[in-house]
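Chain residues, written in single-letter form:
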Amino acid sequence: LGVHARARRSKPRPNAENTSRAMRTARATSKPSARAARSTTKSTRTATGRTRPARCPDAGDARRGARTIPRAGSTFGRIFRVTTFGESHGGGVGCVVDGVPPRLRITREELQFELDRRRPGQSRITTPRNEEDSCEILSGVGLDGVTLGTPVAVLVRNKDQRSQDYGEIAVAYRPSHADATYDMKYGVRAIAGGGRSSARETIGRVAAGAIAKKVLKEVAGTEILAYVSAVRDVKTTAVNHETMTMDDVESNIVRCPDESCAQKMIDAIDEVRVKGDSCGGVVTCVVRNPPRGLGAPAFDKLEADLAKAMLSLPATKGFEIGSGFDGTLQKGSEHNDEFFMDSEKGLRTRTNRSGGIQGGISNGEMIEMKIAFKPTSTITQAQNTVNRDGVETELKARGRHDPCVVPRAVPMVEAMVALTLVDHLMLQHAQCNLIDAGDLTELVQGNMPTLYDPEAIAAAAAASKAQMTTKDMSDAFSED
């Protein structure tokens, strides 16, 4: 093809003898690959007048600046990357987590703890769908419970689907739901259970978030806690973010650590539930002991990525960090967080209206944010709508749905915050902890000292004499 192109551009136009010679040279020097033959979009004319298809950009072209297809919306993160999969009424849902640090001890029970907080059927104020949400770790974790550095795949199988409950919405769109927009985008949708628009998709996020939480806890002692701070017009302001615990949050079915408000929130949900209606609320999340320096200027500010993470959750409609919209009512002299030197922690701020982030970068103070969730779209009350044929009709939806999503949204919020922070932590380490970082032997030589360090090799040889033989180790492994 290259010879043909040069021949076409040459002046004067090639005669039959030159053309024949060029074709023989092309055949002798290159043989078109099958992939090149298949990857075609438009035609170009060769020197002989014949029409040849032009090759589409492939993976190799991406390195030369060609256009590539971006991820199609199911992957989150840059280094710690999470891809979720599955539909609400399909065979199962789950995630693939790439970029998990090797040698991290993680158990199925740690993932299951978070999934149990998210699962349906917990109480009368959640959906009655009865799913165990029992997770299986398919890859990425060795038999000794240590991550291998390879992708971790987690699967949760669906067991309590009732697809027959979705007959009415096969053609009629639920108001304020994703039914209509999915048809607008794809021309097809998963009718039963809402497919990917269902909150069941968040199972993969919560499972991946459990791994991210473990990394943050071990590396920085970071703790992430969320709770329900408002349901309809019932709000709490009496929660101490410094002292509240997971047990406080889990002490009631609405997940509000303020017991004086918890029952009022439950009553507010019950009031709409018995009428076939729904309501919204607010989840507040705090990050204690966050690493400093997370985030980057301009487009990768930490609060910007947190906002994207939060607003990617189903039913979210608002996000605030620090003083949020209330900060617009203050003057600079009132809103600024003054610095001081703490005898134990060094530089700190006397107040935290910034919410732990300044200039898009974490300053080490507690990160505080609020996320607004709208009322559940699917309700059993009759509503006016339009069907797929453009005909106005009335819809009274069936199925099992949360009258208020915020009690089960708490672990979802924590998971997305953890995924955002651990991704930024790994980005920070990769960029800023390379130059003048001290001993980089393991970075250069690898993470197995017994393969290059004479002292480690001698120590391992001496230790091996007192250990089991290879056969004994093999027998013990097989028995386990």
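The preceding data block contains the structure.
Residues numbered from 1 in each chain as written. Predicted model: local features only at pLDDT ≥ 70, side-chain atom pairs only at ≥ 80, totals over all residues. Heavy atoms only, no water.

1. Description of the pairing of strand β7 (residues 152-157)
Here is step 1 of the chain: Here β7 lies mainly inside the structure; five of its six residues are buried.
Here is step 2 of the chain: Relative to β7, strand β5 (residues 92-98) runs antiparallel, the two being bridged by six bridges. Looking across to β7, one finds that G94 is bridged to L155.
Here is step 3 of the chain: Sheet analysis places strand β6 (residues 135-139) next to β7, joined by four bridges and oriented antiparallel. Its bridge partner being in β7, E136 is matched across the sheet by L155. (Buried < 20%, exposed > 50% of the residue type's maximum accessible area, 1.4 Å probe, protein only. Helix = DSSP H or I, 4+ residues; strand = E, 2+ residues; numbered from the N terminus. Pairing = 2+ DSSP bridges.)

2. Some words on the pairing of strand β8 (residues 223-231)
Here is step 1 of the chain: With eight of its nine residues buried, β8 lies for the most part within the structure.
Here is step 2 of the chain: When β8 meets strand β10 (residues 281-288), the two strands line up antiparallel, connected through eight bridges. The partner of A230 across the bridge, within β10, is V282.
Here is step 3 of the chain: One ladder, built from two bridges, connects β8 with strand β9 (residues 234-235); its direction is antiparallel. The residue bridging V231 from the neighbouring strand is V234, located in β9.
Here is step 4 of the chain: Count of turn residues in the β8/β9 antiparallel hairpin: two residues, of which R232 carries a positive phi of about 55°.

3. A few points about the sheet that holds β10
Here is step 1 of the chain: The antiparallel open sheet is built from five strands, whose spatial order is β9-β8-β10-β16-β11. Lying at the two open borders of the sheet, with one neighbouring strand each, are β9 and β11 (316-321).
Here is step 2 of the chain: Helix-sheet contacts for helix α12 (residues 406-432) involve β8, β10 and β16 (367-373), and the interaxial angle to β8 is about 145°. (Contact = heavy atoms within 4.5 Å. Axes fitted to C-alpha atoms, helices over the stretch in contact; angles between N-to-C directions.)

4. Observations regarding the side chain of H241
Here is step 1 of the chain: Here H241 lies in the loop between β9 and α8 (246-249).
Here is step 2 of the chain: At 2.8 Å, the side chain of H241 forms a polar contact with the side chain of E368.
Here is step 3 of the chain: Setting aside residues up to four positions removed in sequence, H241 forms contacts with Y227, T284, V286, R288, M366 and E368. (Polar contact = N/O pair within 3.5 Å; in protein donor to acceptor, adjacent residues only side chain to side chain.)

5. A closer look at the layout of surface pockets
Here is step 1 of the chain: Roughly 980 Å³ of internal volume is contained in the second largest pocket.
Here is step 2 of the chain: Lining of the second largest pocket is provided by 39 residues; of these, H241, T284, G322, E368 and K370 occupy positions nearest its centre.
Here is step 3 of the chain: No other element matches the five residues that β16 contributes to the lining of the second largest pocket.
Here is step 4 of the chain: Classifying every residue of the lining of the second largest pocket gives 12 nonpolar, 14 polar and 13 charged. (1 Å grid on protein atoms, 1.4 Å probe; cavity = no way out; pocket = protein on both sides within 12 Å on 5 of 7 lines; lining within 4 Å. Points joined across faces, edges and corners; volume = space filled by probe spheres on them. Nonpolar A, V, L, I, M, F, W, Y, C, P; charged D, E, K, R; others polar.)

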